[in-house]
Amino acid sequence: MKPISFEVTHICKQSGARTGILHTPHGDVETPMFMPVGTQATVKFVSPEELYDLGAGIVLANTYHLWLRPGEDVVDHAGGVQKFMNYHGPMLTDSGGFQVFSLADTRKITEEGVTFKNTLNGDMLFLSPEKSIEIQNKIGADIMMSFDECIPYPATREYAEASMMRTLRWAKRGKDANKKPETQALFGIVQGGNYEDLRKYCADKLVEMDFDGYAIGGTSVGEDKETMVRMTRWSCENLPFDKPRYLMGVGAVNDLLEAISLNIDMCDCVLPTRIARHGTLITSNGRLNIRKAMFKEDFTSLDPACDCYCCRNYTKAYLHHLFRTDEGFGTRLMSLHNIRFLIRLMEEARLAIREDRYLDFKNEVLSTMKFDERGF
């Protein structure tokens, strides 16, 4: 018996975008969806109960960081990550593969795996496909990710091909190492850089291995928007229609809307909480910087179109005051708003797909919000 199943529920006649339902051991979630990131088994400044209220479905946890603290055995002894953090919905763990990219100055890649320098105490650590799956089995999330190499952009074809082939070998080793295939799903990750034939070859080979779902990796690592869309499209073209597709590390509004057009079902990003900590908010009119003096006596709601706790109860002037006085409550309120904004965007996108007007919806959002090059 498969640990998860996926059903496509509607295809938009106007755009070809799709809605679906992902069935997991900890509940069903509608797609397309945005997944908040709880790196250390917590979404920064937001409680699990608040995540429910925000409409979150799947929440992410970071394998590398939980490996370092508190250790996978502690999470296992707690009964798994859901019990450990008291989140009763579905969860997903990454593989540690992104740290191959983000810790490039302190790691060494071999065929066997990757040697890291512990970012906390400087000790040397070794992570292999088998070790990544062992850690994820103990963390116990509904969905696990294959260990891969997330390469930088740009990369030479020679490097991209060698890395992609190694990622495929690691994917097979990780799949063979999964001790809980009946309770924990495993996704393969499509790599290949900005090379169409490599992306399609990687997708084909992963499909032959028959993973429970597929992710698109190696995007949002410095490339321009057009390149990201190309890499995503190439990856999707050879993936099965009846399994979930996950675009990793994407949270900008225009990127999310484009991903939906490409039949992506799942996206995640630290963006909503990260920018909230710097006083940046996503609103129906675009990006807003609450630090600006113009908000000192602005007693209007942050975003009248938003139904979140922050927008229902507090003004821009109060948020400006909280940020200027470095009060943690302000970061909490702004994090709640940004997460809810992206979850609500996906809810509205699903409705537009079901009503066969997704292109109209996408164009309306893009024309209403004021975007910079990052797409907030």
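Residues numbered from 1 in each chain as written. Predicted model: local features only at pLDDT ≥ 70, side-chain atom pairs only at ≥ 80, totals over all residues. Heavy atoms only, no water.

Colleague: Explanation requested: the packing of aromatic side chains in the structure shown.
Modeller: Given two aromatic rings, their pairing is described by the distance between the two centres and the angle made by the two planes. Overall, the coordinates contain 9 aromatic pairs when judged by the stated rule. Between Phe147 and Trp170 the ring centres are 4.9 Å apart and the planes differ by 25°, which places this aromatic pair in the stacked class. Highlighted residues: Phe147 in the loop between strand S10 (143–145) and helix H7 (157–177) and Trp170 in helix H7, separated in sequence by 23 residues. Exposure class is identical for Phe147 and Trp170. Each is buried. Relative to Phe329, the ring of Tyr314 lies with its centre 5.6 Å away and its plane at 85°, an arrangement referred to as edge-to-face. Highlighted residues: Tyr314 in the loop between helix H12 (309–313) and helix H13 (316–324) and Phe329 in helix H14 (residues 328–354), separated in sequence by 15 residues. Look at Phe329 and you get partly exposed, because its relative accessible area is 29%. Here the aromatic cluster, defined as three or more aromatic residues joined through ring pairs, consists of Tyr309, Tyr314, Tyr318 and Phe329. It is Arg18 that lies over the ring of Phe241; its NZ or CZ is 4.7 Å from the centre. Its guanidinium or amino end placed over the ring of Trp170, Arg166 lies 5.8 Å from that ring's centre, counting from NZ or CZ. (Phe/Tyr/Trp six-rings, centres within 6.5 Å; stacked < 30°, edge-to-face > 60°. Helix = DSSP H or I, 4+ residues; strand = E, 2+ residues; numbered from the N terminus. Buried < 20%, exposed > 50% of the residue type's maximum accessible area, 1.4 Å probe, protein only. Lys NZ or Arg CZ within 6 Å of the ring centre and 35° of its normal.)

Colleague: Where do I start with the nonpolar core in this structure?
Modeller: Burial of nonpolar side chains together is a common tendency in soluble globular proteins. Ranked by internal contacts, the top residues of the largest apolar core, which has 49 residues, are Leu206, Val253, Ile282, Tyr358 and Phe361. Looking at this core, the element that brings in the most residues is H14, giving 7 residues. (Core = buried A, V, L, I, M, F, W, Y, C linked by side-chain atoms within 4.5 Å.)

Colleague: Any chance you could explain the sheet that holds strand S8 (residues 114–117) here in plain terms?
Modeller: Each strand in a sheet pairs with another by means of backbone hydrogen bonds, the pair being arranged parallel or else antiparallel. Taken in spatial order, the 3 strands of this open sheet run S7-S8-S9, and their pairing is antiparallel. Strand pairing shows two members of the sheet lacking a second neighbour, strand S7 (107–109) and strand S9 (124–127), which therefore form its edges. The average angle at which neighbouring strand axes cross in this sheet is 15°, direction not considered. Pairing of S7 with S8 involves 3 bridges; the strand directions are antiparallel. Residue pairing across strands places Arg107 opposite Phe116, the latter belonging to S8. (Pairing = 2+ DSSP bridges. Axes fitted to C-alpha atoms, helices over the stretch in contact; angles between N-to-C directions.)

Colleague: Looking at this model, I keep getting lost on the packing of H14 against helix H15 (residues 358–368). Mind explaining?
Modeller: Packed helix pairs are specified by the crossing angle of their axes together with the interaxial distance, meaning the distance between the axes. Look at H14 against H15: their axes get within 8 Å of each other, and the N-to-C directions meet at 145°. Contact residues: Leu345, Glu348, Ala349, Ala352 and Ile353 in H14; Tyr358, Phe361 and Val365 in H15. Taken together, the residues that form the contact of H14 with H15 break down as 7 nonpolar, no polar and 1 charged. (Contact = heavy atoms within 4.5 Å. Nonpolar A, V, L, I, M, F, W, Y, C, P; charged D, E, K, R; others polar.)

Colleague: How should I be thinking about the pairing of strand S15 (residues 280–283) in this particular structure?
Modeller: For a regular strand, side-chain orientation follows a simple rule: the groups alternate between the two sheet faces. The two faces of S15 match: Thr280 and Ile282 on one face and Leu281 and Thr283 on the other face are all buried. Between S15 and strand S16 (residues 286–289), which follow one another and run antiparallel, lie 2 residues.

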